[in-house]
Amino acid sequence: MKHLRIVDDVMTHAAVSLDHGTAFKDIVEALRMWNVSALPVLSGDGRVIGVVSEADLLLKEQGTGTAGVTTAERLMTRPAVTVTKDAAIPAAARLMAHSHLKRLPVVDGDGRLTGVVSRGDLLKVYLRPDADIAAEIREMITYQLIPRNSVEVHVHVANGVVYLYGSLPEPTLEDAVVRAVGTVPGVVDVKADFPVPASGAGQS
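All values reported here derive from a predicted model rather than from experimental measurement.

1. Some thoughts on the overall build of the protein chain
Within the protein chain one finds seven helices and nine strands. Relative to its full complement of 204 residues, the protein chain shows a buried share of 36%. Sequence separation of at least 24 residues holds for 55% of the intrachain contacts in the protein chain that already meet a minimum separation of 6. For the protein chain, the computed accessible surface area is about 11,900 Å², with 53% contributed by carbon and sulfur atoms.

2. A short note on the sheet that holds strand β5 (residues 103-107)
Spatially, the three strands line up as an open sheet ordered β4-β5-β6, and their pairing is mixed. Edge positions in the sheet fall to β4 (83-84) and β6 (113-118), since each has one partner strand and no second. In the sheet, β4 pairs with β5 via two bridges, with the strands oriented parallel. Residue pairing for β5: Val83 is matched across the bridge by Val106. The strands touched by helix α4 (residues 89-99) within the sheet are β4, β5 and β6, with β5 carrying the most contacts at an inclination of about 130 degrees.

3. Some remarks on unusual backbone geometry
In this structure, the amide linkage connecting Arg78 to the following residue, Pro79, adopts the cis form with an omega of -5 degrees. With respect to the helices and strands, Pro79 occurs in the loop between α3 (72-75) and β4. Backbone geometry at His100 places phi at a positive 55 degrees, although glycine is not the residue there. The topology assignment puts His100 in the loop between α4 and β5.

4. Thoughts on the sheet that holds strand β3 (residues 48-53)
The strand order across the open sheet built from three strands is β1-β2-β3, with neighbouring strands paired in mixed fashion. Bordering the open sheet on either side are β1 (18-19) and β3, each of which pairs with just one other strand. Those strands touched by helix α1 (residues 24-34) are β1, β2 (38-42) and β3, and its axis lies near 130 degrees from that of β2.

5. Examining the pairing of β2
Of all five residues in β2, four are buried, a share of seventy percent or more. With two bridges joining them, β1 and β2 adopt parallel strand pairing. Bridging from a neighbouring strand, Asp19 pairs with Leu42 of β2. Pairing geometry for β2 and β3, over five bridges, is antiparallel. For Val41, the partnering residue across the bridge sits in β3 and is Gly50.

6. Observations concerning the confidence of the model for the protein chain
On average, residues of the protein chain score 87 in pLDDT, and 89% of them are at 70 or above. Note that pLDDT drops below 50 for residues 200-204; the model gives that stretch zero contacts with residues more than four away or on any other chain.

What counts as what
- Residues numbered from 1 in each chain as written.
- Predicted model: local features only at pLDDT ≥ 70, side-chain atom pairs only at ≥ 80, totals over all residues.
- Heavy atoms only, no water.
- Helix = DSSP H or I, 4+ residues; strand = E, 2+ residues; numbered from the N terminus.
- Buried < 20%, exposed > 50% of the residue type's maximum accessible area, 1.4 Å probe, protein only.
- Contact = heavy atoms within 4.5 Å.
- Areas by Shrake-Rupley, 256 points an atom, 1.4 Å probe, with all protein chains shown as cover.
- Pairing = 2+ DSSP bridges.
- Axes fitted to C-alpha atoms, helices over the stretch in contact; angles between N-to-C directions.
- pLDDT = per-residue confidence, 0-100.

And the structure:
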């Protein structure tokens, strides 16, 4: 299973969208057909200029009574909250949570739609096998965090929870190791058990 690190790794590339001139009834039909609560609205050159949601439709229908002649461009919420395909998965998750959204349009550097990412897509990272997570952590510890052969750190992963135990060359390294391990895709939590040498041990 490939490492899932950025939005491009998990997003749906074939995204459904609305033209800015799409009529009210066609918007309702599109939402129903694709079983989604919101869709991005595109300009003539494919840039995301807004998002139309079920809430937008209900407000318009209750507000003016002219829903039948209203287009997506008049209904949409703007500017759209979007994410780029090279954004880190945790950053996209924070943006989605902060904005209280279930889906985010994914855009390129010019603001053109390239896909869509959902809450479910972002959670795929946590389906990564424990063995893969453990292998990456061992490599990280050996080649990046601690000088090779200086200590022995054991790694065990169960259901995404990482258990670290053994010894460290310096007790002050524990926080840095735990933070680094926590950034590995698929890690749910990190539990470390590195005994601190007794003060004055070995002194007469």
